[in-house]
Amino acid sequence: MSRPNIIFIMTDQQRHDAIGCVNPLVKTPGIDSLAKDGILFDQAVCQCPMCVPSRNSMMFGLYPSQTGIRTNSGALLDESRLPAVPLPQLLNDAGYFCAGFGKTHWNNTIKGEPGSRRGFHVRAEGQPRFSLQYEEGATMMDDEDPEGLKAYFEETREFGSGEETYYGYLGKASKLPKEHHRDGFIHKKCIEFLDSYEPDGRPLFLYLSFIKPHAGYNIPPEFESQYDLKDIPPLPVPPWENDPSPHIQNAMNASRRLNEIHNARKEVWKTLSDDEKRLSTLRYYANCTFMDHFIESALTKIREKGLDKNTLFIFVSDHGEMMGERDYRFSKYCLFESSVRVPMILAGDRIASSLKGTRDSRPAMLVDLLPTICEAAGIEPDPRYPGESLFKTDSIRKGAFSEYHGSGSENTQIAPAWMWRNENYKLILSRPGFSIDQTDPVCELYDLKRDPNEWTNVYNDPAYRDIREQMTIELLENAMSAFAKGAAFGDYRGLDKLKKRD
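So, here's what we can say about the structure. (Residues numbered from 1 in each chain as written. Predicted model: local features only at pLDDT ≥ 70, side-chain atom pairs only at ≥ 80, totals over all residues. Heavy atoms only, no water.)

Turning our eyes to something else, we now look at the packing of helix α8 (residues 182–196) against helix α12 (residues 274–304). For the pair α8 and α12, the least separation of the axes is 10 Å and the interaxial angle reads 0 degrees. Our classification of the angle between α8 and α12 gives roughly parallel. Across the interface between the two elements, D183, G184, H187, I191, L194 and D195 of α8 pack against M291, F294, S297, A298, K301 and I302 of α12. In the contact of α8 with α12, the residues fall into six nonpolar, three polar and three charged. (Axes fitted to C-alpha atoms, helices over the stretch in contact; angles between N-to-C directions. Helix = DSSP H or I, 4+ residues; strand = E, 2+ residues; numbered from the N terminus. Parallel < 35°, antiparallel > 145°, perpendicular 65-115°, else oblique. Contact = heavy atoms within 4.5 Å. Nonpolar A, V, L, I, M, F, W, Y, C, P; charged D, E, K, R; others polar.)

It is worth spelling out the pattern of salt bridges at this point. Across all of its chains, the model carries 44 salt bridges by this definition. For the salt bridge of K212 with E163, the shortest nitrogen-to-oxygen distance reads 3.4 Å. Remark: E163 occurs in the loop between α6 (146–155) and α7 (166–170) and K212 occurs in strand β7 (residues 204–213); sequence separation between them is 49 residues. Here K212 matches E163 in class, with each residue buried. In this structure, the salt-bridge partner of K189 is E192, at a minimum N-O distance of 2.8 Å. With a gap of three residues between them, K189 and E192 both fall in helix α8, about one helical turn apart. (Salt bridge = Lys/Arg side-chain N within 4 Å of Asp/Glu carboxyl O. Buried < 20%, exposed > 50% of the residue type's maximum accessible area, 1.4 Å probe, protein only.)

To continue, consider the environment of W418. By the element assignment, W418 lies in strand β13 (residues 417–421). Under the relative-accessibility criterion, W418 is labelled partly exposed at 22%. Counting along the chain gives 13 residues from W418 to H405, while the straight-line C-alpha distance between them is 9.0 Å. In contact with W418, not counting residues within four places along its chain, are L335, F401, S402, E403, L427, I428, L429, L475, A479 and F483.

With that settled, the discussion passes to the nonpolar core. The biggest cluster of nonpolar side chains holds 80 residues, and the ones touching the most others in it are F8, L91, F205, V316, M344 and L369. With six residues, the single largest contributor to this core is helix α15 (residues 369–377). Excluding its chain neighbours within four sequence positions, the residues that come into contact with F205 are I6, F8, L87, P88, L91, Y96, F97, C98, A99 and F120. In terms of nonpolar packing, the next biggest core, distinct from the first, is built from 54 residues, A18, C190, F210 and W269 among them. (Core = buried A, V, L, I, M, F, W, Y, C linked by side-chain atoms within 4.5 Å.)

This part takes up the packing of helix α10 (residues 246–254) against helix α11 (residues 256–269). Between α10 and α11, whose axes approach to 5 Å, the crossing angle comes to 110 degrees. Between α10 and α11, the angle is such that the two are roughly perpendicular. Contacts between α10 and α11 involve A251, M252 and A254 from the former and R256, L258, N259 and H262 from the latter. Broken down by class, the residue content of the contact of α10 with α11 amounts to four nonpolar, two polar and one charged.

Turning our eyes to something else, we now look at the side chain of E135. Counting through the fold element by element, E135 comes out in the loop between β4 (122–125) and β5 (139–140). Apart from residues lying up to four places away in sequence, E135 is in contact with T104, W106, N108, P114, G115, S116, R117 and R123.

Note: strand β2 (residues 38–41) against strand β10 (residues 344–347), three bridges, orientation antiparallel. Of the residues in β10, the one forming a bridge with G38 is A347. Pairing of β2 with strand β11 (residues 358–360) involves three bridges; the strand directions are parallel. Residue pairing in the sheet places F41 in a bridge with D360 of β11. (Pairing = 2+ DSSP bridges.)

Locating H214 in the fold gives a position in the loop between β7 and β8 (218–219). Within the structure, the side chain of H214 is placed 3.4 Å from the side chain of K332, a separation counted as a polar contact. With residues near it in sequence (within four places) discarded, H214 still touches D12, Q13, C51, G162, E164, N287 and K332. (Polar contact = N/O pair within 3.5 Å; in protein donor to acceptor, adjacent residues only side chain to side chain.)

The subject of this paragraph is the sheet that holds strand β12 (residues 400–404). Within the open sheet, the four strands sit side by side as β12-β13-β14-β15. Their pairing is antiparallel. Each edge of the open sheet carries a strand with a single partner, namely β12 and β15 (442–447). Neighbour to neighbour, the strand axes of the sheet diverge by 15 degrees on average, direction disregarded. Here β12 pairs with β13 via five bridges, running antiparallel. When the sheet's bridge partners are listed, S402 is paired in β13 with M419. Along the sheet, helix α16 (residues 465–483) makes contact with β12, β13, β14 (425–430) and β15, crossing β13 at roughly 115 degrees.

Fair warning: the whole summary comes from geometry, so function is off the table for now.
Structure representation (structure tokens):
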């Protein structure tokens, strides 16, 4: 069979349970159509619960500690010293035509100079040209619709940086037409490309990446009106007021800014009525429906053009959203389920008919996507990849890994928190203080079946001793295997020594 088209669709900060095929309350018919046409990996996790390290990890196929991008303040600025070949360049080198629309968040711009497109032939972004996300030759929103972008920023001005202040999470009805939203521009440029695209013998790699449902919640009324406030469940209330999690406490102690933002949101949320709190959740779901509108439109155009034949579809998000859980915690920046788990779907006619509409509960990870794409495209994967192809049927991996090093607003990088998770249990090992301080680890273990909210740390419970020890061994085995291989490997035979031999 010839190499398939690859359609990679991505959202930002969409929880694993914020798609209709998992949570019927959420209206996402476009995403649900992909799930019906493929496999939903219902235990998938990201490798770092924030945008920049997660996206770099995914696009290079390496853990954040292998790329060196561990927080949202990180970036790879020297194109001659990348840790591996990024996904679009890998496919470009293999003969694909690569078109990218929307957020990559590599932040590889240097002092106002454009960053590299890293393999994309065509590029468009819903940001201003002065943004850190500008890539050389890309069409930016203020190139074609400066008034629309200005109106968008004016509407969200009170939402603050990243649109994640309490105003951003309270949200409001948007007065702007859909096309004046940044994601509307991303969608528009993708549709224009598809309208004019004529295959030239090269398979297509189409990357379509939206900025939301990430806060803020300025929702066009047509999407908010699809929900009824009485259907929205109340926030679960933990049996404590201040989060006792050691890795959360470490992050809050290390970052004055992260602590201030959390406390400001918390103080506002404590004053709200139950219906006002529900309205924020409603608007998050409406934001998911808003993004799904664009996804469904793009899928319709792809099918009209016949580009769904011999095609692998991928849908994923970069991390989740806490949505006020755990003592009014919003955004991400922790290793709990709502933050670290992501929706992940493989679909299309490259999926066996017997697997369409099924769920796969393997411990899947975002770093599995690049080796999966390599297998589909007939590319030999980099032997340093810690992930494995999701087409593999004989996987023996017992859990999934994620890491957390703070948000990036700290004065110094905090010590790592490492997570090892399977469907039943989650282990988190962390240390307080700076990365190189000699301090004892603090440990967390959660029974995900009995305690799905992760409110009770059972690490020191004698009844969980065997589970604790087994998961610790598995976490160390995974880390030893992954970090022994790089990112860099400087042996005289280079990467050849990492390849298996018969």
